[in-house]
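Structural characterization, general
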Amino acid sequence: MFEPLELLGPDDHADTLLQTLHRAWVYRQHSPEQSQGWERRVQEQLSHTDSRTRRQCQARLLLMHAERAQLQLESELCQQQSRQAYEQFELLDDLRGCSDALWPQALLQAELGQVERAVLLLQQAAELALRAGDPARAHLAAQEQAALLAYVDLPRSESLAKQFGPLRPEYGPANEAAALFAQMRWAIQHGRVAECTAPGLRAFELAQRNGQRRLAVTLCSALCYSAYGAWDFEQAFAWIERGHQLCAGLGWPALHAQCDMRLGQLLLHAGQNEKAADVLQHALHNVQAYPHLREYAGILEGLACAHYSSGRYDMAEPLLLQVRHWALLNQQPEMETEALVGLTHIHLGRGQWGLAANFASMAWQSAQDAQDWGHAVIALYLLSRSTLERTDLSAEAKHQLMEQHFAALQKAQTKASGLILKPSYYSVLSDYYATCGDHARAFEIERQARQAAQHAAEATNNQQALSLMARIEHRRMEAEAAKLKSQNEARRERIALLEQEQNTLARLAAVGQRITAQLNIEALGTQTNTLIRELLPVDSILIYRTDPNGEQLLPLQLIEDGMALSGLPIALSHPHSSSARCARQLEVLVQEAAANQARLDSEVPGASPMASAMHAPLQVGSTLVGVMSLQTRQAHAYGARERTIFSALSSYVAIALANAVAHQNTQQLQRKLADQEKLASLGSLVAGVAHELNTPIGNSLLVSTTLQDHTRHFGQQLGAGALSKRALTGLLESLGQGLDVVQRNLHTAARLVNSFKQLAVNRQVQDHCSFDLPELCQQCVHTLSHQLRRQHVQVVTELPEALRLFGHAGSLSQVLIILLENALIHGIGERSDGVLRLSVQQRDHPTLPVLLELSDNGKGMPPEVQQRIFEPFFTTRFGQGGSGLGLSIAHNLVVEALQGDITVHSSEGQGTRFCVALPLHARANASAA
């Protein structure tokens, strides 16, 4: 007997021999390897125990080996070890052990399709358990019998379960799981699929908790069946995947076959016939050595279904005859019914209506006798179809048969109230009555179908119920219009087309996302060429863009068979160009080679003639941005579907092309504005140079003019003979003082010129060089000294005596000028007590050891401005002369040319601090702006 695993607790090496054996017994399916480890521990200790305990342990070990052989379908070994274990338990007068020893043989017989033999062995096990005073063991054996008989003799199965009375709590979770599993099988056989899920879920939970892996796998298969019976394919696939996971690596052929069989049936139910055939063919190969397995017959039946569903009737028929023979031999009426249903499908497909009706009648009778109402409804549906197609029956005879079918359907519908039935099961009858003009009867059938389906769908979910009612309502309206059958066929075609279109739209969306994300014009053409080939037949792709004047189509991408072509611009007024005509008419053009024309003429020099072509304008709103053409050597390649896809692709390409052109124009505008910013900076520099040189040069000019006047006056005195010593002395003094002033001012001008010259060289020369950072800082401050004095701004510098860097001196001087001007204009503004602090220091940093800081005591900035301060075109002085490029340029220069980092720290009313971190030696491959 199983006990809940959580009651055993963790492995304890201090367990007694019997406790260790009990642990191995309970875990034998949950953790086979761990259980076998405990078995070995028991065997090692057998020699140290008394004789009776040793024989008890040996018998139980044999029983565990027998069960392992049963799960591995080693028939002879299983029976041998089971008999040996039974004999030893019998010698020990252990009736519980004898009862347990019959289980492996019973389950083996059940796996091999010998249900009656299995039931007989389980009856003996139940009797032995009762004699041992163990009603829980007896109840478990009875529930297993009931579950096995559910597929063979449903009334007997239900009666047998009741003989042992209701389930008692003290019987334990193993008994509850077995009882729930039997209830689940009864519901399936009665066709009440909606009633299967709740007991199945509870049973699976108990089986997992008890370590009953064999039962858990079987429940996964049953829950998969109930899920896809309720059209819940997602849940069905989840359950069968769980079953495969549970039996993975265990080497239990019957359980593997059960999962493979159910997966094949699920794929068939989902309409994936070829995938189902592959799965079932592989499963059949794996169970070829076990032809007595029930799963073997199930796999044959599923494989036959996959064949006849695909029109391979000759391959399906012998498989179904083999299944029917197996079912009759093993007394499995459900399997016989499935074989008869399959044979009916085959004869319907061949147009053999009489044979189809005979097999459908046999299937109906077999299902009715076994109370298998799910298959009974299917048989009635097939019987109705074959009856209507028969030509050997009069209209009156057909009407009588259809009346009988209708009555039988009502009976089956009542019995199978929980089964979700396909609408087509009712469509044959409703079609017939609608054709006969009995719309009331047709409507009644549809109404009953709706009620039955609505009741069953309540066990699934609201979405399925709404979908089913919508389909039924649609069918009712078609019946009232007397066009039910033809409209149903059209509807199925539309659904198939819709599914295809949905898949296509999903792919189009993915392709469109990739195309519109491309902003490089040249790369756009290449990527479009690659992606279009995934969706449409194409040998040549031509993409043109309009010129800025809108007069020509310029070739962007011309590719044929993967090779690039060179094309010429095409005038929009070109009378013979298809691309130009498409651009003029602004509509998709489709061309096919005429009957007397082998191929279409190409408008690209060197291109091959094609049989089919499509041309689409690339429009964004009312603006034409280009034309795209697809061509192929395949005749009549572009139908309505291809034109729809091409139109959608053209829209994506048009948007991408417009974005790419806009991006290109934006980049050009950025470069133009950046150049203007540099020119403005140069203008400021020139103005500063002019102002600084004006003072010393003006002073020199004034002194030289004064000296010139003194010299002229001295000459006049000399000519008049009135020269005196005093006059000569005065002239000499004036000349000495004046020349001294001129010399000082000219030296000042020379220093300024040298400083400006060095700064200009630094700003223009982008080659790497060694430079003194403190000196460069002083030069930049000096350059703006006029503006600093005009705004009464005090500059405080904290610079080391010398600090040489290797890098782009011009880029750094440009950065400093931009930061200084930004502080004067945006930070300090009209403030009269402005202070700028410029400092340079070295710090302990692995890559950027030099830190240059420039701070002001201006108005600061809010967080939202700080976040965007380095963005191109962002300015707080929009419309007041600010371009928004200064700090963006500075940021790019620091990061790219100087290989450093720049950050800003500010708060409103507290000023702003820019920190520029630099390396001592920048790499030579850095680009300077």
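The rules we used
- Residues numbered from 1 in each chain as written.
- Predicted model: local features only at pLDDT ≥ 70, side-chain atom pairs only at ≥ 80, totals over all residues.
- Heavy atoms only, no water.
- UniProt positions renumbered as here; feature names shortened; annotations may be inferred.
- Helix = DSSP H or I, 4+ residues; strand = E, 2+ residues; numbered from the N terminus.
- Buried < 20%, exposed > 50% of the residue type's maximum accessible area, 1.4 Å probe, protein only.
- Contact = heavy atoms within 4.5 Å.
- Areas by Shrake-Rupley, 256 points an atom, 1.4 Å probe, with all protein chains shown as cover.
- Salt bridge = Lys/Arg side-chain N within 4 Å of Asp/Glu carboxyl O.
- Axes fitted to C-alpha atoms, helices over the stretch in contact; angles between N-to-C directions.
- Parallel < 35°, antiparallel > 145°, perpendicular 65-115°, else oblique.
- Nonpolar A, V, L, I, M, F, W, Y, C, P; charged D, E, K, R; others polar.
- pLDDT = per-residue confidence, 0-100.
- Pairing = 2+ DSSP bridges.
- Expected span 1.5 Å × (residues − 1).

Looking at an unreviewed UniProt entry, the chain carries the name histidine kinase, with the source organism given as Roseateles rivi. In its Catalytic activity (unreviewed entry) section, the UniProt entry covering the chain states "ATP + protein L-histidine = ADP + protein N-phospho-L-histidine."

1. Notes on the overall build of the chain
Scanning the chain from N- to C-terminus turns up 34 helices and 14 strands. Scored against the burial criterion, the 929 residues of the chain give a buried share of 50%. Long-range pairs, those at least 24 residues apart, make up 65% of the contacts in the chain between residues at least 6 apart in sequence. With the model as given, the accessible surface of the chain reaches about 43,700 Å², and the carbon-plus-sulfur share is 52%.

2. Considerations on the pattern of salt bridges
This structure, assessed with the given rule, holds 16 salt bridges. A salt bridge links D134 to R137, with the shortest nitrogen-to-oxygen separation between them at 2.8 Å. Of the two residues examined, D134 and R137, each falls in the buried class. Here R350 and E317 are joined by a salt bridge, their closest N and O atoms 3.0 Å apart. With R350 in helix 18 (residues 333-350) and E317 in helix 17 (residues 313-330), this residue pair connects regions lying 33 residues apart in the sequence. A relative accessible area of 30% places R350 in the partly exposed class.

3. Overview of the environment of N699
Here N699 shows up in helix 28 (residues 640-719). Residue N699 is classed as partly exposed on the basis of its relative accessible area, which comes to 34%.

4. A word on the packing of helix 6 (residues 95-111) against helix 8 (residues 135-149)
Two elements in contact, helix 6 and helix 8, have axes whose closest approach is 11 Å; the angle formed by their N-to-C orientations is 10 degrees. Comparing the axis directions of helix 6 and helix 8 gives the class roughly parallel. Seen from helix 6, the contacting residues are R96, D100, W103, L107 and A110; seen from helix 8, they are R137, L140, A141, E144 and L148. Tallied by class, residues from the contact of helix 6 with helix 8 come to six nonpolar, no polar and four charged.

5. Things to note about the confidence of the model for the chain
The predicted model of the chain has a mean per-residue pLDDT of 77, with 79% of residues at 70 or higher. pLDDT under 50 marks residues 1-14. Its contacts with residues more than four places away, or in other chains, come to 41 contacts. Every residue in residues 761-766 is under pLDDT 50, and counting partners more than four places away or in other chains gives 19 contacts.

6. Thoughts on unusual backbone geometry
You will see that L73, though not glycine, has its phi angle at about 60 degrees, which is positive. Within the fold, L73 resides in the loop between helix 4 (51-71) and helix 5 (75-91). With a relative accessible area of 9%, L73 lands in the buried category.

7. Concerning the sheet that holds strand 13 (residues 901-906)
Spatially, five strands are ordered 9-11-12-14-13 in an open sheet, and the strand pairing comes out mixed. Each edge of the open sheet is held by one strand with a lone partner, namely strand 9 (794-798) and strand 13. Across the sheet, the mean angle separating the axes of adjacent strands is 15 degrees when strand polarity is ignored. By the bridge criterion, five bridges tie strand 9 to strand 11 (residues 835-842) in an arrangement that is parallel. Each bridged residue has a counterpart across the sheet, and for Q794 the counterpart in strand 11 is V835.

8. Describing helix 12 (residues 213-229)
Across its 17 residues, helix 12 extends 24 Å between first and last C-alpha, which sits within 8% of the 24 Å expected from 1.5 Å per residue. The element helix 12 is largely enclosed, with a buried count of 16 among its 17 residues.

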